[in-house]
Amino acid sequence: MTIKTGDTIPSMTLKIPSPEGPKEIGLDDVFRGKKVVLFAVPGAFTPSCSNTHMPGFIIHVDQIKAKGVDTIACVAVNDAFVLSAWAAGQNAEEILMLADGSGHFTEALGMTLDLTQAGLGKRSRRYAMIVDDGVVKSIHIDEKGVDQSSAENILRQL
């Protein structure tokens, strides 16, 4: 079942990059009492993710936060080391990078994308959601391209 408006973000633990190496973070700590924009990418370093999706959130970070957003987070079915390198290359220091290395969070949301035929394994669908105090207020899923989940579209939704 795919997560939808009105659903609550599952209480789980993911990894985040840190100077000391991967560190656990509870999603309750990320979402409780906060307004969060969470966007998901099929994979770090992939062309659309690196050239379009992530840059939009970096460019519009101040405008998004000016709309009352506490945190902008990116989740990918990659490990924290990969997300750390990708964030550094993207100058994404204001984006909270959430590593869903085994895809458990993505699976819990019903957002798994099977790219096995392309040699990429199971990844996440591309989406963005606005979450208020752990409750999904809106979700925007892309079937192709980066339209619904773009920073520009999320900014219009806020």
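**Some points on the side chain of Gln-90**
(1) Moving on: Position of Gln-90 among the secondary structure elements: in helix α4 (residues 80–90).
(2) Moving on: Overall, Gln-90 belongs to the buried group, its relative accessible area being 16%.
(3) Moving on: Excluding residues that lie within four positions of it along the chain, Gln-90 makes contacts with Ser-50, Met-54, Pro-55 and Ile-58.

**Observations regarding the nonpolar core**
(1) Moving on: Counting 26 residues, the largest nonpolar core has Phe-39, Phe-57, Trp-86 and Ile-95 as its most contacted members.
(2) Moving on: Breaking this core down by element, the ones donating at least two residues are β3 (35–41), α2 (47–59), α3 (61–66), β4 (71–76), α4, β5 (96–99), β8 (127–132) and α6 (151–157).
(3) Moving on: Among the elements that make up this core, the one with the highest residue count is α4 (4 residues).
(4) Moving on: Apart from the residues lying within four places of it in its own chain, the contact partners of Ile-95 are Phe-39, Met-54, Phe-57, Ile-58, Ile-72, Ala-73 and Cys-74.
(5) Moving on: Among the nonpolar cores identified, the runner-up in size contains 22 residues, and Ile-25, Ala-73, Leu-109 and Val-136 belong to it.

**Brief notes about the side chain of Thr-106**
(1) Moving on: Topologically, Thr-106 is positioned in helix α5 (residues 104–109).
(2) Moving on: Owing to a relative accessible area of 1%, Thr-106 belongs among the buried residues under this scheme.
(3) Moving on: Here the side chain of Thr-106 touches Asp-100 through a polar contact of 2.6 Å, side chain to side chain.
(4) Moving on: Among all residues touching Thr-106, those that are not within four sequence positions of it are Val-77, Asp-100, Met-111, Thr-112, Arg-123 and Ser-124.

**Considerations on α2**
(1) Moving on: Between its first and last C-alpha atoms α2 spans 17 Å; for 13 residues at 1.5 Å apiece the expected length is 18 Å, and the two agree.
(2) Moving on: What α2 keeps buried is the set Cys-49, Ser-50, His-53, Met-54, Pro-55, Gly-56 and Phe-57.

**A closer look at the layout of surface pockets**
(1) Moving on: By volume, the largest pocket is sized at about 220 Å³.
(2) Moving on: As for the largest pocket, its lining consists of 14 residues, of which Pro-42, Leu-113, Arg-126, Asp-142 and Glu-143 are closest to the centre.
(3) Moving on: Here the lining of the largest pocket is built from residues that sort into 4 nonpolar, 4 polar and 6 charged.

**Looking at unusual backbone geometry**
(1) Moving on: With a phi angle near 55 degrees, Asn-91 is a residue other than glycine that sits in the positive phi range.
(2) Moving on: With respect to the helices and strands, Asn-91 occurs in the loop between α4 and β5.

**So, the pattern of salt bridges**
(1) Moving on: For the coordinates displayed, the defined rule picks out 4 salt bridges.
(2) Moving on: Its salt-bridge partner being Asp-7, residue Lys-4 comes within 3.3 Å of it at the nearest N-O pair.
(3) Moving on: Look at Lys-4 and you get partly exposed, because its relative accessible area is 40%.
(4) Moving on: Salt-bridge contacts for Glu-143 lead to Arg-125; the nearest nitrogen and oxygen are separated by 2.5 Å. Here the residue Glu-143 occupies a position in the loop between β9 (135–141) and α6, and Arg-125 occupies one in the loop between β7 (121–124) and β8, the gap between them amounting to 18 residues.
(5) Moving on: On the basis of relative accessibility, which here comes to 64%, the residue Glu-143 falls in the exposed class.
(6) Moving on: Judged by its relative accessible area of 19%, Arg-125 falls in the buried class.

The rules behind each value
- Residues numbered from 1 in each chain as written.
- Predicted model: local features only at pLDDT ≥ 70, side-chain atom pairs only at ≥ 80, totals over all residues.
- Heavy atoms only, no water.
- Helix = DSSP H or I, 4+ residues; strand = E, 2+ residues; numbered from the N terminus.
- Buried < 20%, exposed > 50% of the residue type's maximum accessible area, 1.4 Å probe, protein only.
- Contact = heavy atoms within 4.5 Å.
- Core = buried A, V, L, I, M, F, W, Y, C linked by side-chain atoms within 4.5 Å.
- Polar contact = N/O pair within 3.5 Å; in protein donor to acceptor, adjacent residues only side chain to side chain.
- Expected span 1.5 Å × (residues − 1).
- 1 Å grid on protein atoms, 1.4 Å probe; cavity = no way out; pocket = protein on both sides within 12 Å on 5 of 7 lines; lining within 4 Å.
- Points joined across faces, edges and corners; volume = space filled by probe spheres on them.
- Nonpolar A, V, L, I, M, F, W, Y, C, P; charged D, E, K, R; others polar.
- Salt bridge = Lys/Arg side-chain N within 4 Å of Asp/Glu carboxyl O.

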